[in-house]
Amino acid sequence: MMYIIGLILGVGLVVWGIYRMRTDDGLFGKNQKSKNVFNLLLMGEASGVGQFLGGIILIIAVIIGFFVK
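First, a word on what this report is: a plain description of the structure on this page.

So, how was this worked out
- Residues numbered from 1 in each chain as written.
- Predicted model: local features only at pLDDT ≥ 70, side-chain atom pairs only at ≥ 80, totals over all residues.
- Heavy atoms only, no water.
- Patch = residues over 30% accessible without salt bridge, like charges linked within 9 Å, V, L, I, M, F, W, Y side chains within 5 Å.
- Areas by Shrake-Rupley, 256 points an atom, 1.4 Å probe, with all protein chains shown as cover.
- Salt bridge = Lys/Arg side-chain N within 4 Å of Asp/Glu carboxyl O.
- Helix = DSSP H or I, 4+ residues; strand = E, 2+ residues; numbered from the N terminus.
- Buried < 20%, exposed > 50% of the residue type's maximum accessible area, 1.4 Å probe, protein only.
- Phe/Tyr/Trp six-rings, centres within 6.5 Å; stacked < 30°, edge-to-face > 60°.

Once that is clear, we can look at a nonpolar patch on the surface. On the surface, a nonpolar cluster with roughly 460 Å² of combined accessible area is contributed by Leu27, Phe28, Leu42 and Met43. Along the chain, Leu42 turns up in helix α2 (residues 32–43). The exposed category is assigned to Leu42, whose relative accessible area is 53%.

Following this line, the structure appears as structure tokens:
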């Protein structure tokens, strides 16, 4: 049951991170990619890239935890 909840949360973080990467404005940067990198350095996990990477790591951890069990 906990694996399903972790997987759903990971997928939610990935989707929300993709949405934030497309819509967030940054203080510096000429294109969206450089704005996202600056936001990651400035805000960490609160940025779209951080949420995306956090979701990917959570999904990998759930899969590893399922097979180790």
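Next, the rest of the story.
As for its position among the elements, Ile18 is in helix α1 (residues 2–23). Spatially, the C-alpha atom of Ile18 lies 8.3 Å from that of Gln51, the residues being 33 residues apart in sequence.

Moving on: the packing of aromatic side chains. This model, assessed by the stated rule, comprises three aromatic pairs. When the centroid spacing of 5.7 Å and the interplanar angle of 85° are considered together, the rings of Tyr3 and Phe66 count as edge-to-face. Residue Tyr3 is found in helix α1, and its partner Phe66 is found in helix α3 (residues 48–68); the two are separated by 63 residues along the sequence. Owing to a relative accessible area of 29%, Tyr3 belongs among the partly exposed residues under this scheme. A connected cluster of aromatic rings, assembled from ring pairs, spans Tyr3, Phe66 and Phe67.

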